[in-house]
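Here's the letter readout for the chains.
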Amino acid sequence: MTQSPPILYFAPSTCARVTLTALEEIGEPFETRLIAFMAGEHRRPAYLAVNPSGKVPALDTGSGVVTQNGSILLYLARTRPDAGLLPLTGEPLQESAIVSALFRFSSDLHPLVTRFVLPGMMLCSNDAAPQVREKAEELLLQQLHPIDAQLDAQPWVLGGNWSILDSYLAWIWFRITGAGFDHGIFPAIATHYERAGERPSARAALAHEKRAMAELVRRGLSFTPPRLKTEN
């Protein structure tokens, strides 16, 4: 019996863009399901049955659901090694370094992105949001500095070859610069972002998002982050 294509639950502009890019790199059929956060679809029982945390992405493989972006990317890299998503060799120490780099994006940088872009999300009021954003910016500068230096000496995060980590970094850069982070501070990352966006898989992922955004606009469910009091 032919297995159904995997289903990716996603929302535009979220880190699900990285998973979309990975699936496009693999080049096999897959389906998408748009989760409209402004409609509360991420908190409805139907989606919580897929991902109890109510977040995206989630990947229904047909044999089970994988959640958390890092876990999904590892699953895809291991089940589709020919796609070259991650250079997993099977050697424990080498693989641990690759997984560590993935966790650096998903666990160190990603939470800072949220605090910089949406500082009031975890607060009862927006009064402290400027301070949260300022601290997030400070830590982003600290985290991104060595990455910029690394990319000044090599084209991709892991060296001479592209990996899905490059898509993750590109998404991080997209989110923070779109929210006002100075793109001139780290010129090597800015150049890397342009280079990563030229891949056909990246363009295909953006096409998925464009269609999803049009659907959200049609339904009156597009979202614009609130402006902080300190902004003019």
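Residues numbered from 1 in each chain as written. Predicted model: local features only at pLDDT ≥ 70, side-chain atom pairs only at ≥ 80, totals over all residues. Heavy atoms only, no water.

1. Some details on the sheet that holds strand β3 (residues 58-60)
Reading across from one edge, β2-β1-β3-β4 is the order of the four strands in this open sheet, with mixed pairing throughout. The open sheet has two edge strands with one neighbour each: β2 (31-34) and β4 (65-67). On average, each strand axis in the sheet is inclined to that of its neighbour by 20°, with strand direction left out of account. Lying on the sheet, helix α1 (residues 16-26) is in contact with β1 (7-10), β2 and β3; it crosses β1 at an angle near 155°. (Pairing = 2+ DSSP bridges. Helix = DSSP H or I, 4+ residues; strand = E, 2+ residues; numbered from the N terminus. Axes fitted to C-alpha atoms, helices over the stretch in contact; angles between N-to-C directions. Contact = heavy atoms within 4.5 Å.)

2. Some points on the nonpolar core
Among the nonpolar cores identified, the biggest contains 54 residues, and Phe105 and Leu144 are the most heavily contacted of them. Taken together, the elements giving at least two residues each to this core come down to β1, α1, α3 (69-79), α4 (92-117), α5 (129-151), α6 (164-178), α7 (187-197) and α8 (200-218). Ranked by residues supplied to this core, first place goes to α4 with ten residues. When near neighbours in sequence (up to four residues on either side) are disregarded, Phe105 contacts His110, Ile147, Val157, Leu165, Tyr168, Leu169 and Ile172. (Core = buried A, V, L, I, M, F, W, Y, C linked by side-chain atoms within 4.5 Å. Buried < 20%, exposed > 50% of the residue type's maximum accessible area, 1.4 Å probe, protein only.)

3. Structural notes on the packing of aromatic side chains
Note on aromatic pairs: each is described by the distance of the centres and the angle between the planes. With the rule as written, the count across this model stands at six aromatic pairs. Centre to centre, the rings of Tyr9 and Tyr47 are 5.5 Å apart; their planes meet at 50°, and the pair counts as tilted. With Tyr9 in strand β1 and Tyr47 in helix α2 (residues 45-48), the pair connects residues that are 38 residues apart, well separated along the chain. Considered together, Tyr9 and Tyr47 belong to a single accessibility category, that of buried residues. Pairing Phe116 with Phe181 gives two aromatic rings, centres 5.9 Å apart and planes at 80°, and the pair type is edge-to-face. Of this pair, Phe116 sits in helix α4 while Phe181 is found in the loop between α6 and α7, placing the two residues 65 residues apart along the sequence. Looking at Phe181, the relative accessible area reads 2%, which means it is buried. Members of the aromatic cluster, connected to one another through ring pairs, are Phe116, Trp173, Phe181 and Phe186. When the ring centre of Trp156 is taken as origin, the NZ or CZ atom of Arg195, which lies over that ring, is 5.1 Å away. (Phe/Tyr/Trp six-rings, centres within 6.5 Å; stacked < 30°, edge-to-face > 60°. Lys NZ or Arg CZ within 6 Å of the ring centre and 35° of its normal.)

4. Notes on unusual backbone geometry
With an omega dihedral of 5°, the bond running from Val56 to Pro57 counts as a cis peptide bond. Mapping Pro57 onto the fold places it in the loop between α2 and β3. Although it is not a glycine, Gln68 adopts a positive phi angle of roughly 70°. Along the chain, the position of Gln68 falls in the loop between β4 and α3.

5. With respect to the packing of α4 against α6
Look at α4 against α6: their axes get within 10 Å of each other, and the N-to-C directions meet at 10°. Here α4 lies roughly parallel to α6, going by the angle between them. Counting all contacts with α4, which are made through Ala101, Leu102, Phe105, Ser106, Leu109, His110, Val113, Phe116 and Val117, the residues of α6 involved are Leu165, Tyr168, Leu169, Trp171, Ile172, Arg175 and Ile176. A breakdown of the residues in the contact of α4 with α6 according to their chemical character gives 13 nonpolar, two polar and one charged. (Parallel < 35°, antiparallel > 145°, perpendicular 65-115°, else oblique. Nonpolar A, V, L, I, M, F, W, Y, C, P; charged D, E, K, R; others polar.)

6. Considering the packing of α1 against α6
Their axes nearest at 9 Å, the elements α1 and α6 cross at an angle of 145°. For the pair α1 and α6, the crossing hand works out as right-handed. The residues of α6 that touch α1, namely those facing Arg17, Val18, Thr21 and Ala22, are Ile164, Ser167, Tyr168, Trp171 and Phe174. For the contact of α1 with α6, the per-class residue count stands at six nonpolar, two polar and one charged. (Left-handed = near helix turned anticlockwise from the far one by under 90°.)

7. Comments concerning the pairing of β1
On β1, burial covers both faces: Ile7 and Tyr9 on one face and Leu8 and Phe10 on the other are all buried. With four bridges connecting them, β1 and β2 associate as parallel partners. If you follow Tyr9 over to β2, its bridge partner there is Arg33. Handedness of the β1-α1-β2 crossover: right-handed. Across three bridges, the pairing between β1 and β3 is antiparallel. Its bridge partner lying in β3, Ile7 is registered against Asp60. (Right-handed = clockwise from strand over helix to strand, strands pointing away.)

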